Amino acid sequence: MKSVLFIIVVTLTLTYAVPVDPFVPVESVTAKPEKPVEPEKPVEKYGYNDCMKNCGQPKERERVCGSDGITYDSECTLYCKSAYKNESCLSFVHKGNCSSEPCICNETSCDYETSVCGSNRQTYRNDCALKCAQTIDSDLKKAFNGSCLCVIPLIYSPVCGSDGVNYGNRFSLGCEQKFNKTLTEACYGRCPCNSTSNNNDIFNNLSLLIGNKTST
């Protein structure tokens, strides 16, 4: 018997770790560079320039004189300067251009509590602005302290004033009473008092409150 010699060649695959240079950052060897994260854009706040854009094109007939003695294109542009240029005391004085020697107010701190309402139903930032307006309008008086703004709820509940005027509700009458101290409520319902329409208004308003239901 002949013997056969088999030669077995074994190929070994060796796996070994690549040595890392301690002086080279690991990221430079293993990590790919990432795109930088763009910072979020700050939200642009509504400011003076935006306010001025909303005022539209200037018109000569809309010019007003401010309490700083400067003529503005409109009440809107005056408001923009007052609200966004830290000039809280800047106030409307009168319509039209300022005179060559305007009345000027130098107050630097104003808020809602310093406001006054004129008899022309115009709100002024302070007494000084009202006095400046009085140099143009001698009939102008102070109606009361505070803003002329009066909030009236949308409720139809008419009342008749002693001046013979119909008011949508008692809130509306109350606002008018600030300017007319002698005004009172004549009756509930539309003018004239003790009329058929007046009685119908009372009945209709009561029906809305309790519900107009009939039994069958």
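Residues numbered from 1 in each chain as written. Predicted model: local features only at pLDDT ≥ 70, side-chain atom pairs only at ≥ 80, totals over all residues. Heavy atoms only, no water.

Chemist: What is the right way to read the overall build of the protein chain from this model?
Modeler: Scanning the protein chain for helices and strands turns up 6 helices and 9 strands. Considering only contacts within the protein chain whose residues lie at least 6 apart along the sequence, 49% involve residues at least 24 apart. (Helix = DSSP H or I, 4+ residues; strand = E, 2+ residues; numbered from the N terminus. Contact = heavy atoms within 4.5 Å.)

Chemist: Help me understand helix H5 (residues 170–177), please; the structure alone is not making it clear to me.
Modeler: At 3.6 residues per turn, the α-helix brings residues three or four places apart onto the same side. Among the residues of H5, those classed as buried are Ser172, Leu173 and Cys175. Relative to the axis of H5, the buried residues are bounded by an arc of 160° and lie together on one face. Packed against the buried residues of H5 are strand E7 (159–161), strand E8 (166–167) and strand E9 (185–188). Where H5 starts, the residue carrying a side-chain oxygen 3.0 Å from the main-chain nitrogen of phenylalanine 171 turns out to be asparagine 169. (Buried < 20%, exposed > 50% of the residue type's maximum accessible area, 1.4 Å probe, protein only. Arc of directions from axis to C-beta. Polar contact = N/O pair within 3.5 Å; in protein donor to acceptor, adjacent residues only side chain to side chain.)

Chemist: Just to check I follow, could you spell out the sheet that holds strand E2 (residues 71–72) for this structure?
Modeler: The pairing of strands in a sheet happens through backbone hydrogen bonds and is either parallel or antiparallel. Read from one edge to the other, the open sheet built from 3 strands follows the order E2-E1-E3, with strand pairing classed as antiparallel. If you trace the sheet from one side to the other, it starts and ends with E2 and strand E3 (92–95), each paired once. Sheet analysis places strand E1 (residues 64–66) next to E3, joined by 3 bridges and oriented antiparallel. Paired with glycine 66 across the bridge in E3 is phenylalanine 92. Docked against the sheet, helix H3 (residues 75–84) engages E1, E2 and E3, running at close to 25° with respect to E1. (Pairing = 2+ DSSP bridges. Axes fitted to C-alpha atoms, helices over the stretch in contact; angles between N-to-C directions.)

Chemist: So what exactly am I meant to see when it comes to the sheet that holds E9 here?
Modeler: Read from one edge to the other, the open sheet built from 3 strands follows the order E8-E7-E9, with strand pairing classed as antiparallel. Strand pairing shows two members of the sheet lacking a second neighbour, E8 and E9, which therefore form its edges. Here E7 pairs with E8 via 2 bridges, running antiparallel. Bridging across to E8, cysteine 160 finds its partner in asparagine 166. Of the strands in this sheet, E7, E8 and E9 are in contact with H5, which crosses E9 at around 175°.

Chemist: How should I be thinking about a nonpolar patch on the surface in this particular structure?
Modeler: Together, Tyr46, Tyr79 and Tyr84 make up a nonpolar patch on the protein surface, roughly 320 Å² of accessible area in all. Within the secondary structure layout, tyrosine 79 lies in helix H3. (Patch = residues over 30% accessible without salt bridge, like charges linked within 9 Å, V, L, I, M, F, W, Y side chains within 5 Å. Areas by Shrake-Rupley, 256 points an atom, 1.4 Å probe, with all protein chains shown as cover. Salt bridge = Lys/Arg side-chain N within 4 Å of Asp/Glu carboxyl O.)

Chemist: I'm lost on the pattern of salt bridges in this one. Help?
Modeler: Side chains that differ in sign of charge can pair as their charged atoms come close. Tallied over the entire structure, the rule returns 5 salt bridges. Among the ionic pairs, glutamate 176 bridges to arginine 121, the shortest N-O distance being 2.8 Å. In this pair, glutamate 176 sits in helix H5 while arginine 121 sits in the loop between strand E4 (116–118) and strand E5 (123–124), placing the two residues 55 residues apart along the sequence. Classification of glutamate 176 by relative accessible area gives partly exposed; the value is 22%. A salt bridge links arginine 170 to glutamate 185; its shortest N-O distance comes to 2.7 Å.

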